[in-house]
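Commentary on secondary and tertiary structure
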Amino acid sequence: IYLPIWLEKWIKNNVKNFDIVHMHDFFSYMNIITWIYCRKFGISYIVQPHWSANFFPKRWKSIIKRMFFRLFWTRLLEWSKSIIAVSQYENDNIYYSNKDKVEIIYNWIDAVSIQEQEEKIMEKDIGEFKKKFWLEWKKIILSMWRLHSIKRFDKLINWSKDLLLKNNNYCLVIVWPDEWEMDNLKQQIKNNWLAWKVVLTWWLYGKEKYIAYKVADVFTLLSDSEAGGVTLVWAEAIYYRLPLILSRWCSFEFENEFTRIVEKKSEFESAINESIDKKAEYSFWKFLNMDYIIDTLEGIYNG
């Protein structure tokens, strides 16, 4: 609950100095106050809900959210100049009927930051990284995200088990900051005799993170919840031309021959074996490029 106490006074005194207001999220006191004064002074505004406008009735858990929907929902969106969704899936599920008002702008890849880190990577850094995690001569299946139960690293280990045991040169590398799942996964690895076959690196920072992408052969994410649009980690994997193997919950909307959406273990195993020696090419890169996104936003602002 965000309650900046001086916001209303500031908005009241300053909002008329702007040509357009870009509001993020939906369930917030800040957006109500901003909406009221935008309407009062005739200032155009855009709403980017970041999935907070996809209010599935079965998931109504909060009395406050139900009240918010009833009191402000239709008017706040109806009077907006535009609504920005971060994926087609979000657009399809926005709890609002006028879809002509919705524009899709995907999350972007920070290619400049990646390139800055790339320039720091030396050949010896790659060798030291492989030696540190016992990855010499390995085919690396990389997965990277926060280590939470909903991200289903337990399923990834289970689905990878037979592949790892049958192929001596296959290794699963999981890069992660722990969110109360580490002990469970360590026990799972121990129970399945996968020590040295599954590497938990902890979270990697700076150039080490990008070395992980650089040495990988394929990227996978089997999360049960990535509905927010383009996920940073598979977007970065695209930059490194890694084949992608994803769950259907990863909100991947770009059809191409280098990405497989899998729903069962047999599909996963087949996808790994078929993808691990390929270098991918992704023609949809432009939609994730910052210049393209800026041009699209300016078009919405000026339209």
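Residues numbered from 1 in each chain as written. Predicted model: local features only at pLDDT ≥ 70, side-chain atom pairs only at ≥ 80, totals over all residues. Heavy atoms only, no water.

Concerning the packing of helix H7 (residues 153–166) against helix H11 (residues 265–275)
- Where H7 meets H11, the closest approach of the two axes is 10 Å, and the angle between their N-to-C directions is 60 degrees. By the angle class used here, H7 and H11 are oblique. Helix-helix and strand crossings are classified by hand; for H7 and H11 the assignment is right-handed. Taking contact as the criterion, the partners of Leu 156, Asn 158, Trp 159, Ser 160, Asp 162 and Leu 163 in H7 are, on H11, Lys 265, Phe 268, Glu 269, Ile 272 and Asn 273.
- Split into classes, the residues belonging to the contact of H7 with H11 amount to five nonpolar, three polar and three charged. (Axes fitted to C-alpha atoms, helices over the stretch in contact; angles between N-to-C directions. Helix = DSSP H or I, 4+ residues; strand = E, 2+ residues; numbered from the N terminus. Parallel < 35°, antiparallel > 145°, perpendicular 65-115°, else oblique. Left-handed = near helix turned anticlockwise from the far one by under 90°. Contact = heavy atoms within 4.5 Å. Nonpolar A, V, L, I, M, F, W, Y, C, P; charged D, E, K, R; others polar.)

Details of the packing of aromatic side chains
- In the structure shown here, the tally under the stated rule is 22 aromatic pairs.
- Considering the side-chain rings of Tyr 37 and Phe 41, the 6.3 Å spacing of their centres and the 20 degrees angle between planes classify their relative orientation as stacked. Of this pair, Tyr 37 and Phe 41 both sit in helix H2 (residues 29–41), separated by four residues, roughly a single helical turn.
- Plain terms: the ring middles of Trp 176 and Trp 202 are 5.1 Å apart, the flat faces sit at 65 degrees to each other, and that makes the pair edge-to-face. Placement of the pair is Trp 176 in the loop between strand S6 (170–175) and helix H8 (182–191) and Trp 202 in the loop between strand S7 (198–200) and helix H9 (207–215), with a sequence separation of 26 residues.
- When its relative accessible area of 2% is taken as the criterion, Trp 176 is described as buried.
- Of the residues examined, Trp 202 reaches a relative accessible area of 44% and is grouped as partly exposed.
- A network of ring pairs unites the aromatic residues Tyr 106, Trp 234, Phe 252, Phe 254, Phe 258, Tyr 282, Phe 284, Phe 287 and Tyr 292 as a single cluster.
- Directly above the aromatic system of Trp 79 lies the positively charged group of Arg 39, at a separation of 3.8 Å from the ring centroid. (Phe/Tyr/Trp six-rings, centres within 6.5 Å; stacked < 30°, edge-to-face > 60°. Buried < 20%, exposed > 50% of the residue type's maximum accessible area, 1.4 Å probe, protein only. Lys NZ or Arg CZ within 6 Å of the ring centre and 35° of its normal.)

Nothing here speaks to function; it is geometry throughout.
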